[in-house]
Amino acid sequence: MQFQVAWHVYIEKHRYKYLALYHALRDSIVAGSLAHGTRLPASRELADLYEISRGVVSQVYEMLTAEGYLAAEVGRGTFVSYQRDAAESDEQERPPILLSDWGQRVTGHRLRDTVSGETYRYDYTIGQPLAEAFPFEEWNRALYASIREIAEIEGEPAYEPQGYRPLREAIARDLRKSRGMTVQPEDIVIVNGSSQAIALVAQLLINPGDTVVMEDPTYGGIREAISAVGGLAAGSPVDENGILVRDWDSRLLFVTPGRQFPTGAVLSLERRQEILRWATKQNAVIVEDDYDSEFRRRGRPIEPLKVLDRHERVVYIGTFSKTMYADLRIGYVVLPSWLREPFCKARQLYEPRPTALVQQHALAKFMNNGQYERHLRRMKRLYARKHRALWTALTEKMSEVFHWVESDAGLHIFGRWKGSREQFTAFRRACLAAGVRFPDASMYYTDPEATPAVCLGFPRLTEEELKAGVDVMHAIWKQR
Ligand SMILES: Cc1ncc(COP(=O)(O)O)c(C=O)c1O
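The name an unreviewed UniProt entry gives the chain is HTH gntR-type domain-containing protein, with Tumebacillus flagellatus as the organism. Regarding the chain, the relevant UniProt record gives this comment under Sequence similarities (unreviewed entry): "In the C-terminal section; belongs to the class-I pyridoxal-phosphate-dependent aminotransferase family."

Asks: It is not clear to me how the pattern of salt bridges should be interpreted in this structure. Could you clarify?
Replies: Side chains that carry opposite charge are capable of pairing whenever their charged atoms lie near each other. The tally for this structure, following the rule as stated, stands at 23 salt bridges. Linking R437 and D123 is a salt bridge whose minimum nitrogen-to-oxygen distance equals 2.9 Å. Linking R437 in strand β14 (residues 436–437) with D123 in strand β3 (residues 122–123), this pair joins segments that are 314 residues apart in sequence. Its salt-bridge partner being D290, residue R179 comes within 2.9 Å of it at the nearest N-O pair. Of this pair, R179 sits in helix α7 (residues 165–179) while D290 is found in the loop between β9 (285–289) and α11 (305–308), placing the two residues 111 residues apart along the sequence. For the pair R179 and D290, a shared accessibility class is recorded, and that class is buried.

Asks: Help me understand the side chain of S146 in this model?
Replies: Relative to the helices and strands, S146 is located in helix α6 (residues 136–152). For S146, the residues in contact, after removing those within four places along its chain, are V358, H361, A362 and K365.

Asks: Teacher, can you tell me more about unusual backbone geometry here?
Replies: A negative phi angle is the norm for most residues apart from glycine, just as the trans form is the norm for most peptide bonds. Residue D216 is joined to P217 through a cis peptide bond whose omega torsion reads 10°. With respect to the helices, strands and loops of the structure, P217 is situated in the loop between β5 (211–216) and α9 (220–228). Here the bond from F261 into P262 is cis, since omega is 5°, no more than 30 degrees from zero. Residue placement: P262 occurs in the loop between β8 (252–255) and α10 (269–282). Even without being glycine, E312 reaches a positive phi, approximately 55°. Among the structural elements, E312 can be located in the loop between α11 and β10 (314–319).

Asks: Sorry if this is basic, but what is going on with the state of the cysteines here?
Replies: Where two cysteines share a covalent bond between their sulfur atoms, that bond is called a disulfide. Here the structure, examined in full by the defined rule, presents zero disulfides. Of all cysteine sulfurs in the structure, the one in C455 sits closest to C431, which takes part in no disulfide; the separation is 15 Å.

Asks: Would you mind showing me how to read the site of the ligand here?
Replies: Neighbouring the ligand are G193, S194, S195, I198, Y219, F261, D289, Y291, T319, S321, K322 and R329. The separation between an oxygen atom of the ligand and a polar side-chain atom of S194 is 2.7 Å. One of the side-chain nitrogen or oxygen atoms of D289 is found 2.5 Å away from a nitrogen atom of the ligand. If the ligand stood free it would expose 390 Å²; the protein chains cover 92% of that surface. The biggest single contributor to the shell around the ligand is helix α8 (residues 193–205), with four residues. Within the shell around the ligand, the residues separate by chemical class into four nonpolar, five polar and three charged.

Asks: What is the right way to look at the packing of helix α3 (residues 43–50) against helix α4 (residues 54–66) in this model?
Replies: Any two packed helices are characterised by how steeply their axes cross, that is the angle between the axes, and by the distance between the axes. Where α3 meets α4, the axes come as close as 8 Å, and the angle between the chain directions of the two elements is 120°. Judged by the angle between their axes, α3 and α4 are oblique. Read as a crossing pair, α3 and α4 show a hand that is right-handed. Along its contact with α3, which presents S43, R44, L46 and A47, the element α4 presents R54, V57, S58 and Y61.

Asks: Which parts of the structure should I look at to understand the sheet that holds strand β13 (residues 412–417)?
Replies: Note on sheets: strands pair through backbone hydrogen bonds, and any given pair is parallel or antiparallel. On the basis of which strands lie adjacent, the open sheet formed by three strands has the order β12-β13-β15 and antiparallel pairing. Either end of the sheet is taken by a strand with one partner, and the two such strands are β12 (402–405) and β15 (453–457). On average, adjacent strands in this sheet sit at an angle of 25° to one another, irrespective of strand direction. Direction of pairing for β13 relative to β15: antiparallel, over a ladder of five bridges. Bridge pairing in β15 links F414 to C455. Along the sheet face, helix α15 (residues 421–433) touches β12, β13 and β15 and points at about 135° away from the line of β13.

Asks: Mind showing me how you'd approach the packing of aromatic side chains here?
Replies: What characterises a pair of aromatic rings is the spacing of the ring centres plus the angle enclosed by the ring planes. Evaluated as defined, the whole model comprises 20 aromatic pairs. Ring geometry for W248 versus W278: centroids 5.1 Å apart, planes at 85°, classification edge-to-face. Here the residue W248 occupies a position in the loop between β7 (242–243) and β8, and W278 occupies one in helix α10, the gap between them amounting to 30 residues. Each member of the pair, W248 together with W278, is buried. Three or more aromatic residues joined by ring pairs make a cluster, and in this case those are F402, W404, W417, F424, F427, F438 and W477. The ring centre of W477 lies 3.8 Å from the NZ or CZ of R480, which sits over that ring.

Asks: It is not clear to me how the domain arrangement of the chain should be interpreted in this structure. Could you clarify?
Replies: A common way to report how large an interface is uses the accessible area buried once the components associate. By the assigned domains, the chain splits into domain 1 (7–88), domain 2 (119–129 + 374–478) and domain 3 (134–370). Put simply, the middle of domain 1 and the middle of domain 2, counted by C-alpha atoms, are 31 Å apart. If you look at the interface, domain 1 gives five residues, while domain 2 gives six residues. Summed over both sides, the interface of domain 1 with domain 2 buries roughly 370 Å², with 37% coming from carbon and sulfur. When the area that domain 1 buries against domain 2 is broken down by residue, the three leading residues are R15, Y16 and S53, summing to 70%. Across the domain 1-domain 2 interface, the total number found is zero salt bridges. Viewed at the interface, domain 2 and domain 1 are joined by zero residue pairs in polar contact (both at pLDDT 80 or more).

Asks: Looking at this model, I keep getting lost on the side chain of H375. Mind explaining?
Replies: Structurally, the position occupied by H375 is in helix α14 (residues 371–397). Leave out the neighbours within four places in its chain, and H375 touches F134, P135, T323 and M324.

Asks: Looking at this structure, how should I read the pairing of β5?
Replies: Successive side chains on a regular strand alternate, one facing one side of the sheet and the next facing the other. In terms of burial, β5 is largely enclosed, as five of its six residues are buried. Bridge analysis of β5 against strand β6 (residues 232–239) gives six bridges, and the strand direction is parallel. Note that in β6 the partner of V212 across the bridge is A233. You can see the chain leave β5, run along α9 and come back into β6, and the turn it takes is right-handed.

Definitions and cut-offs
- Residues numbered from 1 in each chain as written.
- Predicted model: local features only at pLDDT ≥ 70, side-chain atom pairs only at ≥ 80, totals over all residues.
- Heavy atoms only, no water.
- UniProt positions renumbered as here; feature names shortened; annotations may be inferred.
- Salt bridge = Lys/Arg side-chain N within 4 Å of Asp/Glu carboxyl O.
- Helix = DSSP H or I, 4+ residues; strand = E, 2+ residues; numbered from the N terminus.
- Buried < 20%, exposed > 50% of the residue type's maximum accessible area, 1.4 Å probe, protein only.
- Contact = heavy atoms within 4.5 Å.
- Disulfide = S-S within 2.5 Å.
- Near = heavy atom within 4 Å.
- Polar contact = N/O pair within 3.5 Å; in protein donor to acceptor, adjacent residues only side chain to side chain.
- Areas by Shrake-Rupley, 256 points an atom, 1.4 Å probe, with all protein chains shown as cover.
- Nonpolar A, V, L, I, M, F, W, Y, C, P; charged D, E, K, R; others polar.
- Axes fitted to C-alpha atoms, helices over the stretch in contact; angles between N-to-C directions.
- Parallel < 35°, antiparallel > 145°, perpendicular 65-115°, else oblique.
- Left-handed = near helix turned anticlockwise from the far one by under 90°.
- Pairing = 2+ DSSP bridges.
- Phe/Tyr/Trp six-rings, centres within 6.5 Å; stacked < 30°, edge-to-face > 60°.
- Lys NZ or Arg CZ within 6 Å of the ring centre and 35° of its normal.
- Domains from an automatic or database assignment.
- Buried area = accessible area lost by both parts, 1.4 Å probe.
- Right-handed = clockwise from strand over helix to strand, strands pointing away.

Laid out in structure tokens, this is it:
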């Protein structure tokens, strides 16, 4: 099959192979070189041809089918269904409608849909901690009471731009108790998940061409928030004590000190102090993304940078995505006083009304009546058992091929592959075929090809399943 433009051009232009394939196919369909009715190769064939996984090909076929470019016919295959109309003929080519610079940068990002349609027996996917012990009944009661309460208000419910005040009060109390942080409800703004805070802070503080420091590896949402606004992301390597601090020529740093994402390293106290000294010298701002340090298995957490900050340099971001569930979409940001008003006005652009008001009410109740704390205690015990089961299985059976990184908090285990990229790709493909799925953590690195790695999430599998999945991986490795 011939694409409109050579494959290597797409691969160079797009960070992810699935995006390269998506654009290669779509351009060829729109340009007419893949004409209406053309049968596309089977996903396995295309996967082998371009050295990508079958899952990626299926995902791209599904995206193009959903958009109407392709149609799948059961038992016959996938066909081009897009028809160029006469007005689109080459003689009357319309000038293209161009996206803004921002639009074009955003178009380069990966769409995070999880609708693969495939289910796996042992699925170690990260990011959705809803486990069997979630207090569904109690949470349901809090939600129901909140819906009624809001419905009974006469006229418009009053709300503040920072979010529902009792929730901000509850968060301030929780931060004081669990993090030693002295903050007032006025310092807090409720957001639609920490992702929204990351994107807004990037918009408010970065001009095109600014160098912005981030950890390497790092969370994709941070990398994309920087690149969307035209910032130049400078990755700084990470070791077992967190990010290596340099005299960066920059005015902004994104960092995950509580538990580095994805490696799990905790930033040492010396490095925290170094970072704060650097920020003072550079007149820089630090964005502290504390997304996942509630579930500690040992010891007390080191104080957040926000607690050590004496000069209003730290923007602290937290989320309920790990302690409750990611689809709740409630996060919060603790802002320095100089950033409060611009931040609220920027958020209002995207959400003129509060984020998930019913859920904000329910969460405030849940926190105020002690249910949230009880839930955390229960989950902590459950996650500690699951972590132990997975850690033991991985270190006993899969240490020949992975270097597992020990971490005393969080909901996944990170491992660096010891072999080649080719071996890793073959191993992962064989695992998927055997019903074992785990995220390829290479994508969190600036150079994904050079650093094969995995993240294994454990909340959603039972202890038996966690171990059985590792047995399957072990058998696959031994049979190679
Ligand atoms: C490091 C990090 N920061 C932020 C987020 C975003 O979380 P949310 O927008 O769900 O609060 C995630 C999600 O997993 C993450 O891993």
